[in-house]
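# Tertiary structure, described
What follows is the residue order along each chain.
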Amino acid sequence: MKAFLKKWPMYKTTAKTYRNILTENNLEHSSKTNAETQLLILDWMTETLEENKDEKHVIYDRNPLDNLAYSLYAAEKDLISEEVLGLTVDIVRRSLKNLDIIFWLKYDPAIKIVNDGTRDSNLNYIREIDDIFAGLYEQYSDHLEKTPFFIAENCPAIIPIDMTNLDDRIEWIGEFLDPKGNLIETGESVLDPKNLDMMEQMLKDQGLWIEKDQQYKNLTDQIKNFKI
């Protein structure tokens, strides 16, 4: 976050993050989450997006799509009910209209996980969550017109980031922003979710294409079959 703000100082962050909501309310979270945690965080996230919807340069540490991924995990582990998950899906898909672009920082085993009190450092849990994000990304890239998780006409671009090196990450993000911090848009913008062929080729060129092993495919099939 600091490196991003140094390169694009016109951006601002919110005074609070979801971590403040966890600590202020002494909430169970991550692999021990519950309905109260998921809904309180989602409420804070959606309200914050709404408050800043007219601001031009805002960067967020997590967004409602993160909440959805963790809620899908929680539902699979019976930590929240199907009713709570259905409500979450509906709120998330409508709230994403207030975002322009989501950069997905994929799990990289080369990066050490630090337990800071608001992060679960269990590697099996982290990999499960990353698999869920991969499934949601496939829903976005391959099934945008049919998936229950996104509204095609109100969906921001979702860009995976595989690089470990911080400078490489910043350089990749810079492919989508001009020096003034504005999104680069043309008649054939790579930020258009419908222009997926161009986006796919860019990701392949960067060596970011997702290898779909059997575990990933099984998770994707489970998400695709989810009904709301």
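This text goes with the structure placed above it.
This section reports on the structure supplied with the text. (Residues numbered from 1 in each chain as written. Predicted model: local features only at pLDDT ≥ 70, side-chain atom pairs only at ≥ 80, totals over all residues. Heavy atoms only, no water.)

## Digging into the overall build of the chain
Counting secondary structure elements, the chain contains 9 helices and 2 strands. Secondary structure elements of the chain occur, N-terminal to C-terminal, as α-α-α-α-α-β-α-β-α-α-α. Relative to its full complement of 228 residues, the chain shows a buried share of 46%. For the chain, contacts bridging at least 24 residues in sequence account for 69% of all contacts bridging at least 6. On the chain, roughly 12,600 Å² of surface is accessible, and the fraction owed to carbon and sulfur atoms is 46%. (Helix = DSSP H or I, 4+ residues; strand = E, 2+ residues; numbered from the N terminus. Buried < 20%, exposed > 50% of the residue type's maximum accessible area, 1.4 Å probe, protein only. Contact = heavy atoms within 4.5 Å. Areas by Shrake-Rupley, 256 points an atom, 1.4 Å probe, with all protein chains shown as cover.)

## Some words on the pattern of salt bridges
Here the structure, examined in full by the defined rule, presents 8 salt bridges. Among the ionic pairs, Arg19 bridges to Asp61, the shortest N-O distance being 2.4 Å. Placement of the pair is Arg19 in helix α2 (residues 18–24) and Asp61 in the loop between α3 (35–51) and α4 (64–76), with a sequence separation of 42 residues. Judged by its relative accessible area of 26%, Asp61 is partly exposed. Notably, a salt bridge pairs Lys53 with Glu50, separated by 2.6 Å at the nearest N-O pair. (Salt bridge = Lys/Arg side-chain N within 4 Å of Asp/Glu carboxyl O.)

## Brief notes about the environment of Glu47
Relative to the assigned elements, Glu47 resides in helix α3. A sequence separation of 48 residues divides Glu47 from Ser95, and the C-alpha atoms of the two residues are 9.2 Å apart.

## What about the packing of aromatic side chains?
Evaluated as defined, the whole model comprises 10 aromatic pairs. Ring geometry for Phe4 and Tyr11: centres 5.1 Å apart, planes at 75°, overall edge-to-face. By relative accessible area, Tyr11 is classed as buried at 13%. Where Tyr73 meets Tyr125, the ring centres are 5.0 Å apart and the plane angle is 80°; that geometry is what we call edge-to-face. Of the two residues, Tyr73 sits in helix α4 while Tyr125 sits in helix α6 (residues 123–142), which places them 52 residues apart along the sequence. Of the residues examined, Tyr73 reaches a relative accessible area of 7% and is grouped as buried. One aromatic cluster in this structure is built from Trp104, Phe133, Tyr137, Tyr140 and Phe150. The aromatic ring of Trp8 is capped on one face by Lys7, whose charged end is 5.4 Å from the ring centroid. Here Lys106 stacks its cationic end above the ring of Trp104, 5.5 Å away from the centre of that ring. (Phe/Tyr/Trp six-rings, centres within 6.5 Å; stacked < 30°, edge-to-face > 60°. Lys NZ or Arg CZ within 6 Å of the ring centre and 35° of its normal.)

## Regarding the environment of Asn182
With respect to the element layout, Asn182 can be found in the loop between α7 (166–173) and α8 (196–205). Those residues in contact with Asn182, other than ones at most four positions away along the chain, are Lys56, His57, Phe176 and Leu177. Looking at Asn182, its side chain comes within polar contact range of the side chain of His57, at 3.0 Å. (Polar contact = N/O pair within 3.5 Å; in protein donor to acceptor, adjacent residues only side chain to side chain.)

## Quick word on α6
In a regular helix each residue adds 1.5 Å, so 20 residues correspond to 28 Å; α6 covers 28 Å between its end C-alpha atoms and thus fits that length. Across the 20 residues of α6, 15 count as buried, placing the element largely inside the fold. A side-chain oxygen of the first residue of α6 lies 3.0 Å from the backbone nitrogen of Asn124; this N-cap is Asn122. (Expected span 1.5 Å × (residues − 1).)

## Here we look at a negative patch on the surface
Where like charges cluster on the molecular surface, the negative patch consists of Asp167, Asp168, Glu171 and Glu175. Structurally, the position occupied by Asp167 is in helix α7. (Patch = residues over 30% accessible without salt bridge, like charges linked within 9 Å, V, L, I, M, F, W, Y side chains within 5 Å. Lys, Arg positive; Asp, Glu negative; His and termini not counted. Charge placed at Lys NZ, Arg CZ, Asp CG, Glu CD.)

## Digging into the packing of α3 against helix α5 (residues 82–95)
The axes of two packed helices give the description: the angle between them and the distance between them. The interhelical angle for the contact between α3 and α5, taken along N-to-C directions, is 15°, at an axis separation of 11 Å. Comparing the axis directions of α3 and α5 gives the class roughly parallel. As for the relative orientation of α3 and α5, their crossing is left-handed in sense. Counting all contacts with α3, which are made through Ala35, Leu39, Leu42, Thr46 and Leu49, the residues of α5 involved are Val84, Leu87, Thr88, Ile91, Val92 and Ser95. Of the residues assigned to the contact of α3 with α5, the class counts are 8 nonpolar, 3 polar and no charged. (Axes fitted to C-alpha atoms, helices over the stretch in contact; angles between N-to-C directions. Parallel < 35°, antiparallel > 145°, perpendicular 65-115°, else oblique. Left-handed = near helix turned anticlockwise from the far one by under 90°. Nonpolar A, V, L, I, M, F, W, Y, C, P; charged D, E, K, R; others polar.)

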